[in-house]
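# Residue-level structure breakdown
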Amino acid sequence: MKRLRIEHTTGFSYQGDVSASYNEARMLPNSTDTQFVLSSSLDIDPSASVNQYVDYFGTRVAAFDVLSPHGALTITARSLVEVRPRPLEHVDITWHELA
C-alpha cells in the first residue's frame, strides 16, 4: 500500500485590514474503501477556533471566523493518506455484446 503526504495552502490578501472574515474550508480528505486517512489537520493564520461538520455530500467542512483585524488569511491543510488498491470489477460479457 502507498502512503501519500498531501499539503495544500490557500491564501487571501486584502488591500487593507478587514475587521472580520467568515469562512468554510473543504480541504481535508475522507476515508473510503480505497483510501484511509491516517492524519489530517488545518493550520489557520491568524488563528481561529474551528467547528467541523460533514455536509450533505459527505465532505468534511471546517467553519471558522476571524474576528480580529487582519490583512491576510492563510489556510494550510496537511494530510497523510494510505491508498489501497481498487478491486477490479470483472464483468462477464460475450464477444457478441462486446461488438
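About the cut-offs
Residues numbered from 1 in each chain as written. Predicted model: local features only at pLDDT ≥ 70, side-chain atom pairs only at ≥ 80, totals over all residues. Heavy atoms only, no water. Core = buried A, V, L, I, M, F, W, Y, C linked by side-chain atoms within 4.5 Å. Buried < 20%, exposed > 50% of the residue type's maximum accessible area, 1.4 Å probe, protein only. Helix = DSSP H or I, 4+ residues; strand = E, 2+ residues; numbered from the N terminus. Contact = heavy atoms within 4.5 Å. Patch = residues over 30% accessible without salt bridge, like charges linked within 9 Å, V, L, I, M, F, W, Y side chains within 5 Å. Areas by Shrake-Rupley, 256 points an atom, 1.4 Å probe, with all protein chains shown as cover. Salt bridge = Lys/Arg side-chain N within 4 Å of Asp/Glu carboxyl O. Pairing = 2+ DSSP bridges. Axes fitted to C-alpha atoms, helices over the stretch in contact; angles between N-to-C directions. Phe/Tyr/Trp six-rings, centres within 6.5 Å; stacked < 30°, edge-to-face > 60°.

### A few points about the nonpolar core
Ala25, Leu28, Leu42, Ile44, Ala62, Phe64, Val66, Leu73, Ile75 and Ala77 form the largest nonpolar core, which has 10 residues in total. Broken down by secondary-structure element, the contributors of at least two residues to this core are strand S3 (35–45), strand S5 (60–66) and strand S6 (70–83). Not counting residues up to four positions away in its chain, the partners in contact with Leu42 are Ala25, Met27, Leu28, Ala62, Ile75, Thr76 and Ala77.

### Focus on a nonpolar patch on the surface
Residues Val91, Ile93, Trp95 and Leu98 make up a contiguous nonpolar surface patch of about 530 Å² in total accessible area. Following the sequence through the fold, Trp95 ends up in helix H1 (residues 95–98).

### What to know about the pairing of S6
Two strands pair when backbone bridges link them, and strand S1 (residues 2–18) and S6 are joined in this way by 13 bridges, in the antiparallel orientation. Considered in S6, the bridge of Val18 is made with His70. Strand direction decides the pairing type here: S3 and S6, joined by 10 bridges, are antiparallel. Bridging across to S6, Ser39 finds its partner in Leu80.

### A word on the sheet that holds strand S4 (residues 50–54)
Strand order in the open sheet formed by three strands is S2-S5-S4, with antiparallel pairing between adjacent strands. Unpaired on one side and paired on the other, strand S2 (21–25) and S4 mark the two borders of the sheet. Sheet twist, expressed as the average angle between the axes of neighbouring strands with direction ignored, equals 20°. Taken together, the five bridges between S2 and S5 define a ladder with antiparallel strand orientation. Note that in S5 the partner of Tyr22 across the bridge is Asp65.

### Some remarks on the environment of His96
Locating His96 in the fold gives a position in helix H1. Placed 20 residues apart in sequence, His96 and Thr76 show a C-alpha to C-alpha distance of 53 Å.

### Focus: the sheet that holds S1
As summarised here, the arrangement of the three strands in space is S1-S6-S3, forming an open sheet in which the pairing is antiparallel. Of all strands in the sheet, those bounded by a partner on one side alone are S1 and S3. With direction set aside, neighbouring strand axes in the sheet form an average angle of 10°.

### Some remarks on the packing of aromatic side chains
Two aromatic rings, taken as a pair, are described by how far apart their centres are and by the angle between their planes. Inspection of the entire model under this criterion finds one aromatic pair. Ring centres of Tyr56 and Phe57 lie 5.2 Å apart, and the angle between their planes is 90°; on these two criteria the pair is classed as edge-to-face. On the basis of relative accessibility, which here comes to 77%, the residue Tyr56 falls in the exposed class. Overall, Phe57 belongs to the exposed group, its relative accessible area being 69%.

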